[in-house]
Structure formats: structure tokens, C-alpha cells
Amino acid sequence: MTKHKKECQQFRLQLYQNFNKRADAAMELVDALCSYPAANSPVELTLSPLFRRTHTALYKSIAETAWEDIPLAELLGPYLPVPKERSFWLMGVDVTSQPRQFGQTVADRGFVYQPNLVAGNKPVTIGHQYSTLALLPEQEKQVSGSWVVPLSTARVATDEDQVQVGAQQVKRVLDDPKLPWHDQPVVQVGDSRYSKAAYIHATHQEREELVSILRVRSNRTFSQAYQYPDGERPANRPKRYGKAFRLPDPDTQWPPDQETTLTRTSRRGKTTTYILQAWSDMLMPGKNKPKRIAMWKHPFTLVKISAYDQEGNPVFAKPIWLIVVGKRREQLSLEQIFQAYHSRSNLEHFFRFGKQQLLLTDSQTPVTSREERWWHLVHIAYAMLWMARHLANHLPRPWEQYLPNARRREMTPTLVRRDAQRLFSQLGTPAQPPQPRGKSPGRKPGTKMTPRIRYPVIVKSAKQPAPT
């Protein structure tokens, strides 16, 4: 306990020292966000006992503190647990939306994905998109397995490709020599949007330590790497692609090179059988526009996952298809591939917790840069909760004490946040108390504020209208 307490205090001090402006208000804002569940909007965080300043200090801290310049990955690096059961570091990258359908003065809004519970409606809204890269650590004793460690976040502009933004995040994290996984095996997982040729080429070009496990749509077509018969010499232009392998057509699929069966029992006692099949040395078609990408340089292992219940009925309407890309892909077993991709769902838990409890999408500022800084702030607050996971007391509600997590006394992000106010009060804060300097004179009489610009919604497939 003493070790964890010392590490948490050291992390808090290092974070405080990295604030460029309004460090005291910024530190108290992070503590308030971590410890005040009653807040329904950012301004209500000023009601927290840990925030000793006025509501104007909150907005000034968001606007003036360079939250995007905080090296979160480097600050967390010394405290990241080294993998023990895995032989690699596991990361995940994903994109989520920030709805701003009523923010007419917010720049660079576009149509983004938004789940809709009403059947028949399109799952879209107007707003921004943000890409998050996080470490997916192994489960620790008495700690919930749903934790992630956020490393970076970035807004995806309407003229940017979301997978390219994720590729830049991965490259920056892997190229940083200060981080513990530098030059060590790293596995990253992603959904089907990241199985594009451009993303694979951008992340795996001249990189040997990275292996990507990416889901692919079930309607794609791949090919076997062409094998020349013995004694036949390749022509001036060697043939790269062999027999086609169409995922929706079983008649074009040949027997797998590997196959294994796994059985998993859920917490409710349901047993599911997974049949894993793998095909080696597969290729996907290359691209010629906007630039030429030779995908024959990136062979991969194709993995098919079929799930069956206790009665032998398929659990999913279609099987799950994964591709495993990287020079070290053969070092991963099918079970390791399955477990690594299964851990990707923790990113969904992170987004849900951030939106429901950490006010991730509740900042309604008309300034896009301040909205971006708010996202960085929420990621820092979540990292602060992760640092305190071993120090908080286990305080379930009376109706929660019989839940599986409560019986195992596993600390979830919600439980850590529930005890954060007591914990941070005992640990102390490096922030100095406020020094009131009287009332501000305010605006001069007769001052007229310039109306904000109304920005149109950007539609990528249509001609961009000029701002009004």
C-alpha cells in the first residue's frame, strides 16, 4: 500500500508540474472531475469540496491550460505494469463521436456515427469524432478487468481520415524511446475500419516489433500468396496473388492451416465453444489512389472465429473474421489472438464510463479548441483514477453487494471514483489555495460583443458551402 501511495502522489506532483498556466485551478479541476459524481455539467464541478475556486476559474483553466501538451503516456510510463502472462504489450485504438447537433457556432462539424435505439432510424448525428489510443493491461488482483490506460486522444477533422489519425497516434507512441515498450513486442487491436490497406501500410512500414489484430468485414475477398512450382523461374514481373479466398463463399475456401477449439463459461454459467481456424500467408488487394500501396509486402494470417452455444447452435449470424499482420505474427497462438481481440471491448467500457460519469461529451463550448482540451482533461482524470485503483476503499451500494464484482471485491472505475474525494483529501494536493483579489470591473459600459460566426455542417460528398 505504501508503494502505491507513493506512486500516486508522485504522479500527481508530476502532472501538476506539467501545467503551463493556471496550474492550481487545473489540478483542482482534475480532482473535482475524479471525485464529484453529482455533477451533471462541467460548471457543477465547482461545487466539489476539492475545487476551492469560483466557476470563472474553471472556464479559464479549460481555455488557457494547454491540456493537449500534457505528455500523458510519458507520465504514466514508469507506473505501467509489465506484462507477465502475455509476451507482448497490448494496445487498442478506436473512434467515438461527440454530438454537437445544436452547436451552430462550432466549427468543423460533420455527420458522425451515433447509436440510435429507435429501429429504422439512421445511426448518425452532427458533431465531431475523436480517436483514442489506450493500453489494455492484464487483469490485476482485486482490480476489474475493464480498466484501460489512456495514452492519447485527438480530434478527427472532417478533412482527415479517422484511421490515419489513429495510425499517427500509434506511430508516435511506438517511436517514443521514453516509453517502456520501445523496441519490445507490441500487439494492437482494432475493428473493421482499421483493416484498410492505407492503415496497415502506415503502421507496419519498416516496423518489426508491431503485430496488428484487425477485424474485417465478412464480404471481403483475399488471395493466397502465389507459390511458383518447383523449377519454374519467375518472370520479370513476378506473380504475387494466387487463388482467391472469398469470405462469403465457402466454396472458394480451402482447409485451414491451423485449427483449435476453446471453451469459455460466462459468469452466468453459460458455456460457449469457439472454433478457431487460421490460413497463413494471405494477401489483400493493393491500392493505386491516392498513392500506390503494394499490399503484397504485408502478408497476414486470416483467422475465422465461430461460436456455438451448449446446444450447438451458432451464437452469431456470421462468423468473426480477423487478420493478423506483422513480421512476428507467427509467434502468436490462436488462443492469444482470440484473447487479445476480446480485450478490445474494454475500450467500449472506457467510452461508456467517460460519457456517462466523467462528462466526456457534456462540454457545450462554442470553441472547438476548448472542446478538444476538455477531451484531454477527461483522459487525464481517468488516468488519475487508474493510478488510485489500489488505494480506494471498496464501497458498494447495499443493492450492489451481491453482484459478482462486489463479491470478488474488484475495484472498478466507478468504485474508485466513489472514494476519490476521501483519498485525494488524505493524499493532499500540490495546488495552492486561491487568493481573492477583489471583484473584476467587468466590461465597459456600451461594449458590444461581435456575434459569433455560424458555421455550416460539412458534408463530405457535397460541395463545401462558405460560412455565413
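Worth saying up front: this structure is predicted, and the values here are computed from it rather than measured. (Residues numbered from 1 in each chain as written. Predicted model: local features only at pLDDT ≥ 70, side-chain atom pairs only at ≥ 80, totals over all residues. Heavy atoms only, no water.)

### Looking at the packing of helix 3 (residues 55-64) against helix 9 (residues 368-387)
If you want to describe how two helices pack, look at the angle between their axes and the distance between the axes.
Then, number 1: Closest axis-to-axis distance for the helix 3/helix 9 pair is 8 Å, and the angle between their directions is 95°. By the angle between their axes, helix 3 is roughly perpendicular relative to helix 9. Contact with helix 3, carried on its side by I62, A63 and E64, involves R370, R373 and W374 of helix 9 and no other residues of that element.
Then, number 2: Per-class residue counts for the contact of helix 3 with helix 9 are three nonpolar, no polar and three charged. (Axes fitted to C-alpha atoms, helices over the stretch in contact; angles between N-to-C directions. Helix = DSSP H or I, 4+ residues; strand = E, 2+ residues; numbered from the N terminus. Parallel < 35°, antiparallel > 145°, perpendicular 65-115°, else oblique. Contact = heavy atoms within 4.5 Å. Nonpolar A, V, L, I, M, F, W, Y, C, P; charged D, E, K, R; others polar.)

### Focus: the state of the cysteines
Then, number 1: For the structure shown, the criterion picks out zero disulfides.
Then, number 2: Its sulfur unpaired, C8 is 9.4 Å from the next cysteine sulfur, which belongs to C34.
Then, number 3: You can call C34 buried: its relative accessible area is 0%. (Disulfide = S-S within 2.5 Å. Buried < 20%, exposed > 50% of the residue type's maximum accessible area, 1.4 Å probe, protein only.)

### Details of the packing of aromatic side chains
Then, number 1: Scanning the entire structure with this criterion turns up 16 aromatic pairs.
Then, number 2: Ring centres 6.1 Å apart and planes at 75° place the aromatic pair F245 and W321 in the edge-to-face group. Linking F245 in strand 8 (residues 241-246) with W321 in strand 12 (residues 320-325), this pair joins segments that are 76 residues apart in sequence. For the pair shown, F245 and W321 are each scored as buried.
Then, number 3: A ring pair is formed by F350 and Y382, whose centres lie 4.8 Å apart and whose planes are at 85°; its orientation type is edge-to-face. Of the two residues, F350 is situated in helix 8 (residues 345-356) and Y382 in helix 9; the sequence distance between them amounts to 32 residues. (Phe/Tyr/Trp six-rings, centres within 6.5 Å; stacked < 30°, edge-to-face > 60°.)

### Description of the side chain of R207
Then, number 1: With respect to the element layout, R207 can be found in the loop between helix 6 (197-204) and strand 6 (210-216).
Then, number 2: Engagement of the side chain of R207 in a polar contact is seen with the side chain of D175, the distance being 3.1 Å. (Polar contact = N/O pair within 3.5 Å; in protein donor to acceptor, adjacent residues only side chain to side chain.)

### What to know about the nonpolar core
Then, number 1: L45, W181, I213, L302 and I323 are the most contacted members of the largest nonpolar core, which totals 125 residues.
Then, number 2: In terms of residues, this core owes the most to one element, helix 9, which gives 12 residues.
Then, number 3: What W181 contacts, discounting residues up to four positions off in sequence, is L80, W89, M91, L135, L151, V173, L174 and V186. (Core = buried A, V, L, I, M, F, W, Y, C linked by side-chain atoms within 4.5 Å.)

### Considerations on the environment of Q169
Then, number 1: Position of Q169 relative to the elements: it lies in helix 5 (residues 162-175).
Then, number 2: What makes Q169 buried here is its relative accessible area of 1%.
Then, number 3: C-alpha of Q169 to C-alpha of L133: the two residues are 36 residues apart in sequence and 6.8 Å apart in space.
Then, number 4: Leave out the neighbours within four places in its chain, and Q169 touches V93, S131, T132, L133, S152, T153 and A154.

### Focus on the packing of helix 2 (residues 23-35) against helix 12 (residues 420-427)
Then, number 1: Remark: helix 2 packs on helix 12, axes separated minimally by 8 Å, with the N-to-C direction vectors making an angle of 145°. Residues D31, C34 and S35 of helix 2 form the contact with helix 12, whose participating residues are A420, Q421 and F424.
Then, number 2: In terms of residue class, the contact of helix 2 with helix 12 is made up of three nonpolar, two polar and one charged.

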